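Architecture at a glance
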Amino acid sequence: MIILGIDPGKTTGLAVLQTTPPRVLYADQCVGGELTDYIDRTSADRVVYERMQSYGRGANGDFIDAAEIGGYCRHALGAVPMTRPETIRALGLTGKGIGKSAVWAEVVRILGSDAAGKRCPKRNNKAHDDMRWDSTGRVLDACPVCGGGGFERAPGPLAMFRGQPHAKDALTIAVAFALREGLL
């Protein structure tokens, strides 16, 4: 099943999660008005978004933008709303004062590493890309460090999330929904 997670706001986060096998197909951030362009490109089976809560505070412009995008998601896409506390409970975290770093650590534990890869130190050598294959397509000789892949240590499946906090939140919502529905 493919789940589209949306973190609405002035900057909206989007993440597409495939549940079997678990992997992230797409993740990005966009300005709220560009949301329909991004959603048209996905063929998600389910859509889930973070429903905003004001906790008694007055509504500022960002809150209103997020509520409008959430309303669009719910009525036009049939999206399922999840609040932040519901997301935290679905991930199995308990206690007071659970921050975004603890929530992201749980998502990393579920889906895999967010470590950046290490590029092959021999990639600048002229002979690095010179590989020979036999008649069956098997590589006869390749770089002894990376095997022709370009990485000494491959990046983790969540390495693409460097500097994308809204996309991280969208993926968190998608993972929490998948856990709550028994899809992961």
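Shown above is the structure to which this text applies.
Parameters at a glance
Residues numbered from 1 in each chain as written. Predicted model: local features only at pLDDT ≥ 70, side-chain atom pairs only at ≥ 80, totals over all residues. Heavy atoms only, no water. Helix = DSSP H or I, 4+ residues; strand = E, 2+ residues; numbered from the N terminus. Buried < 20%, exposed > 50% of the residue type's maximum accessible area, 1.4 Å probe, protein only. Salt bridge = Lys/Arg side-chain N within 4 Å of Asp/Glu carboxyl O. Core = buried A, V, L, I, M, F, W, Y, C linked by side-chain atoms within 4.5 Å. Contact = heavy atoms within 4.5 Å. Pairing = 2+ DSSP bridges. Polar contact = N/O pair within 3.5 Å; in protein donor to acceptor, adjacent residues only side chain to side chain. Axes fitted to C-alpha atoms, helices over the stretch in contact; angles between N-to-C directions. Parallel < 35°, antiparallel > 145°, perpendicular 65-115°, else oblique. Left-handed = near helix turned anticlockwise from the far one by under 90°. Nonpolar A, V, L, I, M, F, W, Y, C, P; charged D, E, K, R; others polar.

1. Remarks on the environment of Ala154
- Among the secondary structure elements, Ala154 is positioned in the loop between β9 (151-153) and α5 (165-180).
- Note on Ala154: relative accessible area 56%, which makes it exposed.
- Sequence-wise, Ala154 and Arg119 are 35 residues apart; in three dimensions their C-alpha atoms are separated by 7.9 Å.

2. What to know about the pattern of salt bridges
- Considering all chains together, one arrives at 3 salt bridges under this definition.
- The salt bridge partner of Asp169 is Lys100, with a shortest N-O separation of 2.9 Å. Here Asp169, found in helix α5, pairs with Lys100, found in helix α4 (residues 100-111); they are 69 residues apart in sequence, far enough to count as distant.
- When its relative accessible area of 8% is taken as the criterion, Asp169 is described as buried.

3. Topic: the nonpolar core
- In terms of nonpolar packing, the biggest core is built from 27 residues, with Val107, Leu111, Leu158, Phe161 and Leu171 touching the most fellow members.
- For this core, the elements supplying multiple residues, two or more each, are β2 (11-18), β3 (23-31), β5 (80-82), α4 and α5.
- With 9 residues, α5 is the single largest residue contributor to this core.
- If we ignore the near neighbours within four places in the chain, the residues touching Leu111 are Leu17, Pro22, Val24, Pro157, Leu158, Leu171 and Val175.

4. Brief notes about the pairing of β3
- Sheet topology note: the β2/β3 ladder contains 8 bridges and is antiparallel. Counterpart to Leu14 in the pairing with β3 is Asp28.
- The turn joining β2 and β3, which pair antiparallel and follow one another in sequence, is formed by 4 residues.

5. So, the side chain of Gln18
- On the secondary structure map, Gln18 appears in strand β2.
- A polar contact of 2.9 Å, which involves the side chain of Gln18, links it to the backbone oxygen of Thr20.
- Beyond its immediate stretch of four places on either side in the chain, Gln18 contacts Met1, Arg23 and Leu25.

6. Remarks on the packing of α4 against α5
- At a minimum axis distance of 10 Å, the contact between α4 and α5 shows a crossing angle of 60 degrees. Considering the angle they form, α4 stands oblique to α5. Along this stretch, α4 crosses α5, giving a crossing that reads as left-handed. Where α4 approaches α5, its residues Lys100, Val103, Trp104, Val107, Ile110 and Leu111 are matched on the opposing element by Lys168, Asp169, Leu171, Thr172, Val175 and Leu179.
- Across the contact of α4 with α5, the residue classes break down as 8 nonpolar, 1 polar and 3 charged.

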